Amino acid sequence: MFRRAPKSARWFARAQEVLPGGVDSPVRAFNAVGETPRFIARAKGATMTDVDGRTYIDYVMSWGPLLHGHAPRKLIKAVAAAAKHGTSFGASTALEVLLAERVRALMPSMEMVRFVSSGTEATMSALRVARAATKREKVIKFAGCYHGHADPFLVEAGSGATTLGVPTSPGVPDGAAATTLSAPYNDLETVERVFAAHPDEVAAVIIEPIAGNMGVVPPRPAFLEGLRTLCTRENTLLIFDEVISGFRVTSGGAQELYGVRPDLTCLGKIIGGGLPVGAYGGRADLMCLVAPAGPVYQAGTLSGNPLAMTAGLWALGELSPQLYTRLERLGARLADGLLDAAARARVSMYVNRVGSILTPFFTDTAVIDYASACRADTGTYARFFQGMLAKGIYPPPSQFEAWFLSTAHDESLVDRTIKVAQGVLKRVGAKG
Ligand SMILES: *Cc1c(COP(=O)(O)O)cnc(C)c1O
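Residues numbered from 1 in each chain as written. Predicted model: local features only at pLDDT ≥ 70, side-chain atom pairs only at ≥ 80, totals over all residues. Heavy atoms only, no water.

**Some thoughts on helix 7 (residues 223-233)**
Applied cut-off: The rule is simple: take the accessible area with a 1.4 Å probe, protein chains only, and divide by the maximum for that residue type; under 20% is buried, over 50% is exposed, in between is partly exposed. We count a stretch as a helix when DSSP gives it H or I for four or more residues in a row; a strand needs E for two or more, and each element gets its number in order from the N terminus. Only heavy atoms enter the contact rule, under which two residues are in contact if any of them lie within 4.5 Å.
Within helix 7, burial applies to Phe223, Leu224, Gly226, Leu227, Arg228, Leu230 and Cys231. Tucked inside the fold, the buried residues of helix 7 contact strand 5 (138-142), helix 6 (188-197), strand 9 (202-207), strand 10 (237-241) and helix 8 (253-258). Asn235 sits one or two residues past helix 7 and shows a positive phi near 55°.

Here's what the structure looks like:
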């Protein structure tokens, strides 16, 4: 029997009075799946418990940061110990140096690092550096990639693939949007055409080297290498937004997995171990442009926060080859199980997966870019989501998001998830 979650619903009603849409980040409102958002009371390992006392196997994992699961005991201990020494100093600490050194050891392209408090800050600051270094203004981004909510990134292609971008949000000035050029993901030829149409104007190409924000879309073989070659030829900087993929797919991120060295890298999510951290970094000559080493201004009251640095140090300290082997196995098991369940229920599904991130798309064509992602049946996804949630599984509340596994997930939780999916998909399939 499915009972509405009354406390969550009541909190959501109150929330809507004081928080726009009842939330602090839009996707949390569950609008895309026609559900009432659950208010979470606590979480541990791979599960979350809401204010009504229902426990869910979590596949959102705070949208990516929680590689080691919710509230790992040792992380909590380390952060609590750090808090006793003070929560913020607005002054230098050894922790920042240690974390920067660790990041550089894991990702050698990041010769120098600047810590910020979110992925959004990392990407907007990296773009500023790229513009300063090249004395150019334009940036090429890919449709369906998300780089946080700074003005130049809230832009999609206008009519015709090589036209100037148009804002995807009111409040973004046309001037900001006009500096953004858009190309389809995995489409090197269009990038080449955009370069040809804007010679010596493009400061940077920014990309999620594994797209995660239109659902998971891996790069085609040679796509990233092709971008590297083009950027080098055009004296344009290549920025990898590894806010999701960094430390997620290997300890060295997508750049290690695919063997492509970007000029600048943006990090977030896992690097903070569940606390608010972002970082950007890359070639030392570029990072030395950042104040006070250089003239490019960028600052932050809580940047390099000691609690956040402590959490990040612990999270990165736990990385190991065995961890990624285990996550790969779990990811494959979940993907195979979902595909099998869909096939049995005669529901069309494609699963895109890289290691422990995956997206089951309700579609009958392969998803290689934003246009093909958009062919997925969001109505079917919504019914699937509702069925899963009712049975204690918490998938992302949108078709166009990644599922995240963590080291706290295990075979039995994944198998339970697949079992539930089999039943839910059968009902979803029967409705057609
Ligand atoms: C989440 C995300 C961001 C933005 O990070 P915030 O910490 O939410 O500001 C940027 N880029 C990518 C690829 C992301 O997934």
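**Focus: the domain arrangement of the chain**
Note the cut-off: What marks off one domain from the next here is an automatic or database domain assignment. Each of two parts loses accessible area, computed with a 1.4 Å probe, when they are put together; buried area is these two losses added. Criterion for a salt bridge: a side-chain nitrogen of Lys or Arg within 4 Å of a carboxyl oxygen of Asp or Glu. Whenever a nitrogen or oxygen atom comes within 3.5 Å of another N or O atom, the pair is scored as a polar contact, on the condition that within protein one atom can donate a hydrogen and the other can accept it, and that pairs from neighbouring residues in sequence are kept only if both atoms are in side chains. Gly is placed with the polar residues, together with every amino acid not listed as nonpolar (Ala, Val, Leu, Ile, Met, Phe, Trp, Tyr, Cys and Pro) or charged (Asp, Glu, Lys and Arg).
Here the chain is described as being made up of domain 1 (7-68 + 320-431) and domain 2 (73-317). Computed from C-alpha coordinates alone, the two centres of domain 1 and domain 2 are separated by 26 Å. Contacts between the two partners involve 26 residues from domain 1, matched on the other side by 27 residues from domain 2. For the pairing of domain 1 and domain 2, the buried interface totals around 2,100 Å² over both sides, and the portion due to carbon and sulfur atoms is 65%. When the buried area of domain 1 at its contact with domain 2 is split by residue, Tyr324, Val354 and Ile368 rank highest and sum to 26% of it. Summed over the shared surface of domain 1 and domain 2, the result is zero salt bridges. Summed over the shared surface of domain 1 and domain 2, the result is nine residue pairs in polar contact (both at pLDDT 80 or more). Mapped by element, the contributors of at least two residues to the side of domain 1 that touches domain 2 are strand 13 (350-354), strand 14 (357-361) and helix 12 (370-373). At four residues, the largest contribution of residues to the side of domain 1 that touches domain 2 is made by strand 14. The class makeup of the residues in the side of domain 1 that touches domain 2 is 17 nonpolar, five polar and four charged.

**A closer look at the pairing of strand 1 (residues 40-44)**
So the rule is basically this: Strand pairing is defined by DSSP finding a minimum of two bridges between the two strands.
Of the pairings in the sheet, the one linking strand 1 to strand 2 (residues 47-50) comprises four bridges and is antiparallel in character. Bridge assignment links Ala43 to a residue of strand 2, and that residue is Met48.

**Observations concerning the site of the ligand**
Definition in use: Definition of nearness: a residue and a molecule or strand are near each other if at least one heavy atom of the residue lies within 4 Å of the molecule or strand. For every accessible area listed, the method is Shrake-Rupley and the probe measures 1.4 Å; residues are considered covered only by the protein chains on display.
In the vicinity of the ligand, the residues found are Ser118, Gly119, Thr120, Tyr146, His147, Gly148, Glu208, Asn213, Asp241, Val243, Ile244 and Lys269. Between an oxygen atom of the ligand and a main-chain N or O atom of Gly119, the distance comes to 2.8 Å. At 3.2 Å, a backbone N or O of Tyr146 approaches a nitrogen atom of the ligand. For the ligand, whose accessible area on its own is 380 Å², the fraction buried by protein is 83%. Classifying every residue of the shell around the ligand gives three nonpolar, six polar and three charged.

**Observations regarding the packing of helix 13 (residues 378-390) against helix 14 (residues 411-431)**
Counted only if it meets this: Only C-alpha atoms enter the line fits that serve as axes; for helices the fit covers just the stretch in contact. Angles between N-to-C directions range over 0 to 180 degrees. An angle below 35 degrees is treated as roughly parallel, one above 145 as roughly antiparallel, one from 65 to 115 as roughly perpendicular, and anything else as oblique. By convention the crossing between two helices is left-handed if the near helix lies anticlockwise of the far one by an angle smaller than a right angle, and right-handed if it lies clockwise.
Relative to each other, helix 13 and helix 14 sit at 135°, their axes nearing to 9 Å. By the criterion of interaxial angle, the relationship of helix 13 to helix 14 is oblique. When you trace helix 13 past helix 14, the crossing you get is right-handed. Along its contact with helix 13, which presents Thr380, Arg383, Phe384, Gly387 and Met388, the element helix 14 presents Thr417, Val420, Ala421, Val424, Leu425, Arg427, Val428 and Lys431. Of the residues contributing to the contact of helix 13 with helix 14, the split by class is seven nonpolar, three polar and three charged.

**Quick look at the sheet that holds strand 5**
Spatial strand order, 4-12-11-10-9-5-8: seven strands in an open sheet with mixed pairing. Each edge of the open sheet carries a strand with a single partner, namely strand 4 (112-116) and strand 8 (180-183). When strand polarity is set aside, the average angle formed by the axes of neighbouring strands in this sheet is 20°. With four bridges connecting them, strand 11 (residues 264-267) and strand 12 (residues 278-282) associate as antiparallel partners. Across the sheet, the residue bridging to Leu264 is Gly282, located in strand 12. Contacts from helix 3 (residues 94-106) reach strand 4 and strand 11, with the element oriented near 125° to strand 4.

**What to know about the sheet that holds strand 16 (residues 403-404)**
Taking strand neighbours across the sheet as the criterion, the three strands line up as 13-14-16 in an open arrangement whose pairing is antiparallel. Strand pairing shows two members of the sheet lacking a second neighbour, strand 13 and strand 16, which therefore form its edges. Where strand 13 and strand 14 come together, five bridges link them in antiparallel fashion. Bridging across to strand 14, Tyr350 finds its partner in Phe361. Contacts between helix 11 (residues 321-344) and the sheet are confined to strand 13, strand 14 and strand 16, with strand 13 contributing the most and set at about 175° to the helix.

**A few points about the environment of Glu256**
Looking at the element boundaries, Glu256 is found in helix 8. Judged by relative accessible area, which is 45%, Glu256 ranks as partly exposed. Residues Glu256 and Met107, spaced 149 residues apart in sequence, show a C-alpha to C-alpha distance of 7.7 Å. Those residues within four positions of Glu256 in sequence are excluded, and the remaining contacts are Thr250 and Ser251.

**Quick look at the environment of Gly22**
Tracing the backbone through its elements, the reader meets Gly22 in the loop between helix 1 (6-18) and strand 1. By relative accessible area, which is 5% here, Gly22 ends up buried. Separated by 323 residues in the primary sequence, Gly22 and Ala345 place their C-alpha atoms 36 Å from one another. If we skip the residues at most four places from it in the chain, Gly22 touches Phe12, Ala15 and Gln16.

**A short note on the pattern of salt bridges**
Here the structure, examined in full by the defined rule, presents 13 salt bridges. For Arg261, the salt bridge identified is with Glu111, shortest N-O distance 3.4 Å. Residue Arg261 is located in the loop between helix 8 and strand 11, and its partner Glu111 is located in the loop between helix 3 and strand 4; the two are separated by 150 residues in the primary sequence. A relative accessible area of 46% places Arg261 in the partly exposed class. A relative accessible area of 31% means that Glu111 is categorised as partly exposed. Of the charged contacts in the structure, one is a salt bridge between Glu234 and Arg233, with a shortest N-O distance of 3.1 Å.

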